[in-house]
Amino acid sequence: MNAPLLPQILLRPADREPELPLSTEGVQCYVWQSRFGEMLIEVHDGAAYVNGQRVEPVAETLRRDEDRG
């Protein structure tokens, strides 16, 4: 296979956010590149994290709203 290897660390210019480690055992890591910059998306233990912050699933949000309702 001739596909390039993915980097272990996403390097950024010094004036932006620090380097993000991409290789962690048991964690799926993806780098999303958009016109607004890069995001590190990680999935571990069934939860998604973007740039280190947990993303709340829609089902949890709806359930919480119903409980308040």
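Up top is the structure.
Residues numbered from 1 in each chain as written. Predicted model: local features only at pLDDT ≥ 70, side-chain atom pairs only at ≥ 80, totals over all residues. Heavy atoms only, no water.

Participant: Go over the sheet that holds strand 3 (residues 28-34), please, and point to the residues and values.
Facilitator: Read from one edge to the other, the open sheet built from four strands follows the order 3-4-5-6, with strand pairing classed as antiparallel. Each end of this open sheet is capped by a strand with a single partner; those strands are strand 3 and strand 6 (53-55). Sheet twist, expressed as the average angle between the axes of neighbouring strands with direction ignored, equals 30 degrees. (Pairing = 2+ DSSP bridges. Helix = DSSP H or I, 4+ residues; strand = E, 2+ residues; numbered from the N terminus. Axes fitted to C-alpha atoms, helices over the stretch in contact; angles between N-to-C directions.)

Participant: With reference to specific residues and values, describe the pairing of strand 4 (residues 37-44).
Facilitator: Bridge analysis of strand 3 against strand 4 gives seven bridges, and the strand direction is antiparallel. Each residue of the ladder has a partner; that of Q28, found in strand 4, is V43. Here strand 3 folds back onto strand 4 in antiparallel fashion, the turn holding two residues. Direction of pairing for strand 4 relative to strand 5 (residues 47-50): antiparallel, over a ladder of four bridges. From the neighbouring strand, V43 faces strand 5, where its bridge partner is A48. Hairpin connection from strand 4 to strand 5: two residues lie between these consecutive antiparallel strands, with D45 at a positive phi of about 55 degrees.

Participant: Report on the side chain of E42, specifying residues and quantitative values.
Facilitator: Structurally, E42 is set in strand 4. Excluding its chain neighbours within four sequence positions, the residues that come into contact with E42 are V27, Q28, C29, A47, A48, Y49 and G52. (Contact = heavy atoms within 4.5 Å.)

Participant: Go over unusual backbone geometry with me, naming the residues and quoting the values.
Facilitator: Even without a glycine there, the phi angle at D45 is positive, about 55 degrees. By secondary structure assignment, the location of D45 is in the loop between strand 4 and strand 5. In this structure, N51 is a non-glycine residue whose phi angle is positive, near 50 degrees. For N51, the position within the fold is in the loop between strand 5 and strand 6.

Participant: Could you give an account of the pattern of salt bridges, with specific residues and numbers?
Facilitator: Under the defined criterion, the tally for this structure stands at two salt bridges. When the shortest N-O distance is used, the salt bridge between E60 and R54 registers 3.2 Å. E56 is the partner of R64 in a salt bridge, and the nearest nitrogen-oxygen pair spans 2.8 Å. Since its relative accessible area comes to 32%, E56 is described here as partly exposed. (Salt bridge = Lys/Arg side-chain N within 4 Å of Asp/Glu carboxyl O. Buried < 20%, exposed > 50% of the residue type's maximum accessible area, 1.4 Å probe, protein only.)

Participant: Can you break down the environment of N51 residue by residue, with the values?
Facilitator: Judged by relative accessible area, N51 falls into the partly exposed class, the value being 32%. Separated by ten residues in sequence, N51 and I41 have C-alpha atoms that sit 6.4 Å apart.

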